[in-house]
Amino acid sequence: MDVARSGEMEEEIASSSRAQIEGDRKAENRRVVVILVGPPGSGKTTFCNAVMSAARRAWVRVCQDTIANGKAGTKQQCLKAASDALSNGKSVLIDRCNLELEQRADFVKIGGERADVHAVVLDLPAKVCISRSVKRTGHEGNLQGGRAAAVVNRMLQKKELPKLSEGFSRITFCQNDDDVKDAVNTYCALGPSDHLASGVFGQKSKEAKVQLGIMKFLKKVDAPGTETSGRSNRTSDEIHLHNSVSRQESSEDSPCSMDFEKEMNEDRKEQKGQTPWENGSVAGAHTLAFPSISTSDFQFDHEKASNIIVESVADFLQKVDNVRLVLVDLSHKSHILSLVREKAAKKNIDSSKFFTFVGDITQLHSKGKLRCNVIANATNWRLRPGGGGVNAAIFNAAGEALEAVTKEQAETLIPGNSVAVPLPSTSPLYQREGVTHVIHVLGPNMNPQRPNCLKNDYVKGSKVLRDAYLSLFENFASITRTDIKKESSSDLKVKRESSHDFEKTKKYKGILSSLDVKDKFSNQHHQYGGPQSKVRFETSNSSEDAESLSSTTKAKRTVDSTKKTWGSWALALHEIAMHPEKHKDTVMDISDEFLVVNDLYPKAKKHILVLSRLHGLDSIADAKKEHVPLLRRMHSAGVRWAQKFLSEDASLIFRLGYHSVPSMRQLHLHVISQDFNSNHLKNKKHWNSFNTVFFRDSIDAMEEINQHGAAKVNDDEKLLSMELRCHRCRSAHPNIPRLKTHIANCQASFPSHLLQNGRLLSASAKSTDET
């Protein structure tokens, strides 16, 4: 019997040992599932990376933003990845927002008997999360900028703090960065067989669904009819809070979307209280709201259009400060808004200066709490109401006043151009929405059922669309500069308004230096550049154009004419080219590409200008290979007019060419007779601008551009101050009267280089007609 008992005892001991060994093995292999809980910007990914870089056990990070081969995936993909990791003996970090109980439940179940399930709640202040999410770039899920701020807002309002009853064995709350560091250190130190105590740690307010002060931060309510003190000092984070948010197409397919999808469906139904942008201009910023041009009825490709929008916006914002641009569409499902948001984020465009907005462009303030002082209208070439879409909506909202003032500005519009129209204070759009100007803009048409269809010629169409946005933004900059001058005029102790005067004031330094000095956005349209009693044409530094002489001689000449500062007087040709219908008495000939006018201060018996109508082509220095066909047609027009004059006076001889650095904006070809018999030719600069290498023959310029991509520009100021020499015999003369007396009688032949290649046109020797 003792032997039997002894055998039973040994078997029990062996059984107990086997159980202990099995239990130890289970303890050694006990895995952990850590479910991170927090909105965008709370630091979930940073937490995961910190733990994994210094951990004593194997961890796998499961992130919905990158689960599908580096791209956003679904919740099911995350669940599978987590389960596979546990099966392989690894612990798991669930990097999702997980702010609601139903979003966490499936991940809690995965742990089951295989793992301890922990929650780490990154319960940082809402302002910190918003600031981080707004300012970050290159986020894996592309959740950044203004859109991210609105997401944080919505998600925090639906936050449900985790509880042990959900199935967690441990919950850690982190209220600040120090708490986060402690939690990171805890999990970094967790060895393969270590076990953390169960319970809730660090929670300060168990029932806090939305952090104290979050709604006050997100919505600032002012007393009716008053402004919040310190409004101008709002942070950029506040500006972003109500930026446009795209409704997610699927709660399974978008990063963090499962936590706020249900609320997004009601996103625009709630418009209670005031928003941080209600007063429109943030820190003095003027705002332009514009629709996507040509992508609706004109059927322009969305992918190409979105590229042009983002490029145009980025270029404009690099040159002009203290303005905002807002791309507007009616639908949350807008394809063009989605594309633009994505590309703008990749280009790192400041989302406080450019963002998208879902709403009616005629009700941005009354319905969307977004005040824009200028809105753009995607119009038709007739500039008439009707046609549906944005055009009809804006004309209807503005009332009859808009149609009346539009007719005063222009009767028609060419694709690629825009016209700014000031709204009368009696307009409903002015009174209700605070809109002071409407800019009509016309883009390219790819719809065969509409006029001027380009038949899918996207080379030309893309250029026209770029021109349209350039013209739109240029008009907006002009309006802004004019408004700022009016606002600050009472503070200026000067006799005459000028750009450098305004740059002295700190309040407006940014925008005025940008508008008046930088690149072609300083080239304002005539109606906003300053009042003029008459139209002035190209002149070569006469007493009539003393202002031209001053700007030309004082400013360093540059080949890049887009960096030239154009005074308001220098925009007369640009104004005519853009709005010929307003100058019918002046225009002698017109086509879709160019027009012909007399030089107002001719330097010879016959002196006309062939003026390009292409927006953005300011001088011969701007001309590229793609402009050669246009230059040839302008040359042909000049030849035809010269021949017309020759038929009237066979003694004349003509030369066609361009000034290396013109005194007036807009590319123009001089067709000038070589008698130089004019009272307007008064000084060296007048003479030398036509009779030195400063003057580039049209034939030569076209050949150089065609072969080398650009024309040689002789921009040395000394050329204009050279001694006076006869253009025929090259004899020197002390002054203009003596020179004129000489050339009236000089019978010498012209220099040999001018007699070649058709540079001169006479009744006996016809120039080559470049067609």
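The rules we used
- In this convention, every chain numbers its residues from 1, walking through the sequence in written order.
- Only residues with pLDDT of at least 70 get local features here, since the model is predicted, and only at 80 or more are side-chain atom pairs given and counted; chain-wide, interface and lining totals rely on the full set of residues.
- Only hydrogens and water are removed before side-chain values are computed, so all heavy atoms of the structure are retained for them.
- Numbered from the N terminus, helices here are DSSP runs of H or I no shorter than four residues, and strands are runs of E no shorter than two.
- Here's how the labels work: a residue is buried when its accessible area is under 20% of the maximum for its type, exposed when over 50%, partly exposed in between, all with a 1.4 Å probe on protein chains only.
- Only the protein chains shown count as cover for residues, and the accessible areas themselves come from Shrake-Rupley with a 1.4 Å probe.
- Joining through side-chain atoms within 4.5 Å is the link that ties buried Ala, Val, Leu, Ile, Met, Phe, Trp, Tyr and Cys residues into a set, and such a set is a nonpolar core.
- Working rule for contacts: check all heavy atoms of both residues, and any pair within 4.5 Å makes them a contact.
- Polar contact is defined as a pair of N or O atoms within 3.5 Å, subject to the rule that within protein one atom must be able to donate a hydrogen and the other to accept it, and that residues adjacent in sequence are counted only when both atoms are side-chain atoms.
- Fitting a line to C-alpha atoms yields each axis, with helices limited to the stretch in contact; the angle taken between N-to-C directions then spans 0 to 180 degrees.
- Should an angle fall under 35 degrees it is taken as roughly parallel, and over 145 as roughly antiparallel, whereas 65 to 115 is taken as roughly perpendicular and any remaining angle as oblique.
- Two helices cross in a left-handed way if the nearer one is turned anticlockwise from the farther one by less than a right angle. They cross in a right-handed way if the turn is clockwise.
- Amino acids outside the nonpolar list (Ala, Val, Leu, Ile, Met, Phe, Trp, Tyr, Cys, Pro) and the charged list (Asp, Glu, Lys, Arg) are all regarded as polar, and Gly is one of them.
- Paired strands, in this sense, are two strands between which DSSP finds at least two bridges.
- Every case where a carboxyl oxygen of Asp or Glu lies within 4 Å of a side-chain nitrogen of Lys or Arg is listed as a salt bridge.

Quick word on the overall build of the protein
A count of helices and strands for the protein gives 25 helices and 21 strands. Out of the 771 residues belonging to the protein, those deemed buried represent 53%. In the form shown here, the protein has an accessible surface area of approximately 34000 Å², with 49% of it arising from carbon and sulfur atoms.

Quick word on the nonpolar core
Residues Phe290, Leu325, Phe354 and Leu472 are the most contacted members of the largest nonpolar core, which totals 39 residues. Of all the secondary structure elements, the ones that give two or more residues to this core are strand S7 (286–291), helix H11 (302–319), strand S8 (323–329), helix H12 (335–346), strand S9 (354–358), strand S10 (374–378), strand S12 (437–442) and helix H16 (458–488). Looking at this core, the element that brings in the most residues is H16, giving nine residues. Phe290 has contacts with Ile309, Val313, Leu325, Val326, Leu327, Val328, Phe354, Ile361, Ala376, Tyr469, Leu472 and Phe473, leaving out every residue within four places of it along the chain. Grouped together as the second largest cluster of nonpolar side chains are 30 residues, Leu631, Leu646, Leu669 and Ile699 included.

Observations concerning the side chain of Ser306
Here Ser306 shows up in helix H11. By relative accessible area, which is 0% here, Ser306 ends up buried. For Ser306, the side chain forms a polar contact with the side chain of Lys343, separated by 2.6 Å. Apart from residues no more than four positions distant in its own chain, Ser306 is found in contact with Ile336, Leu339, Val340 and Lys343.

Thoughts on the packing of helix H3 (residues 75–87) against helix H4 (residues 101–111)
Their axes nearest at 10 Å, the elements H3 and H4 cross at an angle of 20°. As judged from the angle between their axes, H3 and H4 are roughly parallel. Every pair of crossing elements has a handedness; the one defined by H3 and H4 is right-handed. Across the interface between the two elements, Lys75, Cys78, Leu79, Ala82, Ser83 and Leu86 from H3 touch Glu102, Gln103, Asp106, Phe107, Ile110 and Gly111 from H4. Its residues assigned to classes, the contact of H3 with H4 comprises six nonpolar, three polar and three charged.

Topic: the sheet that holds strand S4 (residues 115–122)
Overall, parallel pairing links the six strands, which are arranged S2-S3-S1-S4-S5-S6 in an open sheet. A strand with exactly one partner marks an edge of an open sheet, and here the two such strands are strand S2 (59–63) and strand S6 (199–201). Sheet twist, expressed as the mean angle between neighbouring strand axes with direction ignored, is 15°. Pairing of strand S5 (residues 170–174) with S6 involves three bridges; the strand directions are parallel. For Arg170, the partnering residue across the bridge sits in S6 and is Gly199. Strands in contact with helix H2 (residues 44–54) are strand S1 (31–37), S2, strand S3 (91–95) and S4; relative to S3, the strand with the most contacts, it is inclined by about 160°. Against the sheet, helix H7 (residues 177–188) engages S1, S2, S4 and S5, with an angle of about 145° to S5.

Considerations on the sheet that holds strand S11 (residues 417–422)
Taken in spatial order, the six strands make up an open sheet running S9-S8-S7-S10-S12-S11, and their pairing is mixed. Edge positions in the sheet fall to S9 and S11, since each has one partner strand and no second. Strand-to-strand, the axes of this sheet are offset by a mean angle of 25°, without reference to chain direction. Bridge count between S11 and S12: six bridges; the pairing is antiparallel. Looking at the pairing, Ser418 lines up with Val441 of S12. Against the sheet, H11 contacts S7, S8 and S9, and its axis sits at roughly 165° relative to S8. Most of the contacts of helix H14 (residues 400–409) go to S11, to which it runs at about 125°, and overall it touches S11 and S12.

Points about the pairing of strand S14 (residues 594–598)
Of all five residues that make up S14, four are buried, and the element is covered over most of its length. With two bridges connecting them, strand S13 (residues 589–590) and S14 associate as antiparallel partners. Residue pairing in the sheet places Asp589 in a bridge with Val596 of S14. Linkage of S13 to S14, two consecutive antiparallel strands, is achieved through a turn of three residues. In this structure, S14 lies alongside strand S15 (residues 607–612), joined through five bridges in antiparallel fashion. Across the sheet, the residue bridging to Val597 is Leu609, located in S15.

Quick word on the pattern of salt bridges
Under the counting rule described, the total for this entry stands at 24 salt bridges. Ionic pairing is found between Asp106 and Lys75, a salt bridge with its closest N-O pair at 3.2 Å. Residue Asp106 is found in helix H4, and its partner Lys75 is found in helix H3; the two are separated by 31 residues along the sequence. Take Asp106: its relative accessible area is 29%, and that puts it in the partly exposed class. Overall, the relative accessible area of 5% leaves Lys75 in the buried class. For Arg725, the salt bridge identified is with Glu723, shortest N-O distance 2.7 Å. What makes Arg725 partly exposed here is its relative accessible area of 31%. Exposure remark for Glu723: the relative accessible area of 43% places this residue in the partly exposed category. Residues participating in the shared-partner salt-bridge network are Glu474, Asp618 and Arg665.

Some points on the environment of Gly191
Following the sequence through the fold, Gly191 ends up in the loop between H7 and S6. Take Gly191: its relative accessible area is 1%, and that puts it in the buried class. When the C-alpha positions of Gly191 and Ala58 are compared, they lie 9.3 Å apart, and in sequence the two are 133 residues distant. For Gly191, the residues in contact, after removing those within four places along its chain, are Arg56 and Arg57.

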